[in-house]
Amino acid sequence: MPTLKAVRGTRDLLPPETALWNRIETTARQVFARYNFGEIRTPIFEDTSLFARSVGEETDIVSKEMYTWEDRARAQSEKPQSLTLRPENTAGVVRAYIEHKLGETGQLQKLYYIGPQFRRERPQKGRYRQFWQIGAEVIGPPSAGSESPLRDAEVLEMLATLLDTLGIAGWTLELNSVGSSADRERYNQVLRAALVDVAPKMCVDCQRRVVTNPLRVLDCKVPEDQPIIETLPKIGDSLGQDSKDHFAQVTAALEAAGVPYHLNPRLVRGLDYYTRTTFEFTHGGLGAQNALLGGGRYDGLSEAIGGPKAPGIGFAMGLDRLVLTLQAKEADHSSASPQVADAYIAPLGEALNAPALTLARELRRAGLHIELGDGSFRLKKSFEAADKAARRIVILGEDELQSGILTVKDFASGIQTKVPCVELAAHLAKPGGA
Ligand code: ATP
Ligand code: MG
């Protein structure tokens, strides 16, 4: 039988690397808490129509990247339900917002999530079929101030703070406004007119987009199409006064707060639901997959999936890409060094296994990191195992058990000491070297 492997585009995350994942997640939770965000956890699969209606039928995600299947019908008369592994989490959050009538609180909802997402893409560095996102949404009725440009600026400032706190230097905030749906309607016409002559020279996907959703042409990744895209009219020139004013207030607040940004008139993002402010944070160290995160406003999303008017703004960051960036930066890989316990307990003989477990239990309850050996090991093997796993070895033989005085050897200093059992926890809690 061929050996089984993780499915293409998925991978196992193992220690010590998972320590870095945890550190990033913990930092994100701490930073979000300071901005008064609470955590939301939505199901990993949803009704397929949620994504079709929110992300958009014409997007790459919905047209070719989703993992979709028909659930078995419960009764013969029932139509099987089409289900999809979530390719992103904003749709699920907004569905939950509507389902739980969170808008009726009259307050802004500030929600964050951390979890896996699924897209059938070509796997490569920084691009997987199961990947992780850390994201957040600010959503609420207009009366709660959900449309205020201050909300946009606050989210962007929070992201700058999070990346700085994580120690990710050298990021760029790419910023644009795609306007209201009316502005986009206007721009789509301008774009369609401009594309008439050049579209035949573009890729087949773009030729289709000209008809179905011309804005998506700007999102094309085919290198040969880029010079053509450069010549197309900019969306900024089609924005109405309201959209222009809103965007000007966002940028003014960013400048006041000292958050640097770069205006990118071609940035339209890959999801249909965005309106007004759109953004990406990129990092040069990532190569082709250079987007650390993306996001924007989605003022009409709730209504598009049958909910009340609930403007919002949010983002999703690629956790896999944050890990890659930090691993590349931390040349010493200190955060990825194997875990080293405070002590290794070596029972001398199998009769000492039970007392060793009791001692380990007490020390662990005192907060120490303990590796427990095995009484079948000879002393030499115990020392070898201890040297790999811990900073010290604690020998537990018959004599030690009777006298209550244990032998502790510190590997860094080579010093061997006798420590009374009652003082052991305090002794081991001290830094190594003694
Ligand atoms: P890209 O242009 O890199 O495909 P996207 O526009 O599809 O990104 P979003 O849907 O906005 O990305 O997702 C937000 C973030 O999630 C991205 O900036 C990226 O960091 C991460 N991400 C998206 N798809 C993947 C993937 N297949 N593997 C790993 N990370 C991903
Ligand atoms: Mg993508």
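Bear in mind the structure is a predicted one, so any value in this text is a computation, not a measurement. (Residues numbered from 1 in each chain as written. Chains lettered and ligands numbered in written order. Predicted model: local features only at pLDDT ≥ 70, side-chain atom pairs only at ≥ 80, totals over all residues. Heavy atoms only, no water.)

From N to C terminus, the chain includes 15 helices and 16 strands. Against the 2.2 N^0.38 benchmark of 22 Å for 434 residues, the chain shows a C-alpha radius of gyration of 28 Å, more extended than a compact globule. Considered along the principal axes of its C-alpha atoms, the chain spans approximately 90 × 60 × 50 Å. Residues counted as buried form 48% of the 434 residues belonging to the chain. When the accessible surface of the chain is summed, it comes to about 21,300 Å², and 53% of that surface belongs to carbon and sulfur atoms. Between the averaged position of the 52 positive side-chain charges in the chain and that of its 55 negative side-chain charges there is a distance of 2 Å. (Helix = DSSP H or I, 4+ residues; strand = E, 2+ residues; numbered from the N terminus. Rg over C-alpha atoms; globule rule 2.2 N^0.38 Å. Buried < 20%, exposed > 50% of the residue type's maximum accessible area, 1.4 Å probe, protein only. Areas by Shrake-Rupley, 256 points an atom, 1.4 Å probe, with all protein chains shown as cover. Lys, Arg positive; Asp, Glu negative; His and termini not counted. Charge placed at Lys NZ, Arg CZ, Asp CG, Glu CD.)

A few words now on the packing of aromatic side chains. Under the defined criterion, the tally for this structure stands at 10 aromatic pairs. Between Y273 and Y298, the ring centres sit 5.9 Å apart and the planes meet at 75°, which makes this aromatic pair edge-to-face. Placement of Y273 in the loop between β8 (262-263) and β9 (275-283) and of Y298 in the loop between β10 (291-297) and α10 (301-304) is noted, with a sequence separation of 25 residues between them. Three or more aromatic residues joined by ring pairs form one cluster here, namely F32, F37, Y112 and F315. Between the NZ or CZ atom of R11 and the centre of the ring of Y128, over which it lies, the distance is 3.9 Å. (Phe/Tyr/Trp six-rings, centres within 6.5 Å; stacked < 30°, edge-to-face > 60°. Lys NZ or Arg CZ within 6 Å of the ring centre and 35° of its normal.)

Not every one of the 17 residues close to ligand 1 is listed here, only the nearest: R119, E121, R127, Y128 and R269. Here Q133 contributes a side-chain N or O atom positioned 3.1 Å from an oxygen atom of ligand 1. Computed on the free molecule, ligand 1 has an accessible area of 580 Å², of which 91% lies beneath the protein chains in the complex. Elements that contribute at least two residues to the shell around ligand 1 include exactly β6 (130-139), β10 and β11 (312-318). In terms of residue count, the dominant contributor to the shell around ligand 1 is β10 (four residues). Classifying every residue of the shell around ligand 1 by side-chain character gives seven nonpolar, four polar and six charged. (Near = heavy atom within 4 Å. Polar contact = N/O pair within 3.5 Å; in protein donor to acceptor, adjacent residues only side chain to side chain. Nonpolar A, V, L, I, M, F, W, Y, C, P; charged D, E, K, R; others polar.)

Attention now moves to the pairing of strand β15 (residues 405-410). The pairing of strand β14 (residues 392-396) with β15 spans four bridges and is classified as antiparallel. Bridged to I393 within β15 is K409. Strand direction decides the pairing type here: β15 and strand β16 (residues 416-420), joined by five bridges, are antiparallel. Directly across from T407, in β16, lies its bridge partner K418. (Pairing = 2+ DSSP bridges.)

Within helix α11 (residues 319-329), the full set of buried residues consists of L319, D320, R321, L322, V323, T325 and L326. Each element contacted by the buried residues of α11 is listed here: α1 (17-34), β6, α5 (149-166), β9, β10 and β11. (Contact = heavy atoms within 4.5 Å.)

This part covers the pattern of salt bridges. Taken as a whole and judged by the stated rule, the model has 20 salt bridges. Note that K64 is salt-bridged to D60, the shortest N-O span being 3.8 Å. In this pair, K64 and D60 both sit in helix α3 (residues 60-65), four residues apart, roughly one turn of the helix. Relative accessible area serves as the criterion here: at 46%, K64 is assigned to the partly exposed category. Residue classification places D60 among the partly exposed positions, given a relative accessible area of 31%. Here the salt bridges share partners, and the residues they tie into one network are D60, K64, D205, R208 and R209. (Salt bridge = Lys/Arg side-chain N within 4 Å of Asp/Glu carboxyl O.)

Here we come to the domain arrangement of the chain. Accessible area lost when the parts come together is the quantity often used to give the size of an interface. Taken domain by domain, the chain consists of domain 1 (17-180 + 240-329) and domain 2 (343-428). The distance between the C-alpha centroids of domain 1 and domain 2 comes to 49 Å. (Domains from an automatic or database assignment.)

This paragraph deals with unusual backbone geometry. Here the bond from P15 into P16 is cis, since omega is 5°, no more than 30 degrees from zero. Note that P16 resides in the segment before α1. A positive phi angle is found at N36, which is not glycine, with a value near 65°. According to the relative accessible area criterion, N36 is exposed, its value standing at 61%. Backbone geometry at K101 places phi at a positive 50°, although glycine is not the residue there. Along the chain, K101 falls in the loop between α4 (90-99) and β5 (109-118).

Along the chain, M158 turns up in helix α5. Take M158: its relative accessible area is 1%, and that puts it in the buried class. As a C-alpha pair, M158 and R34 span 124 residues in sequence and 9.4 Å in three-dimensional space. Those residues in contact with M158 that sit more than four places away from it in its chain are V31, F32, Y35, F37, A136 and F315.

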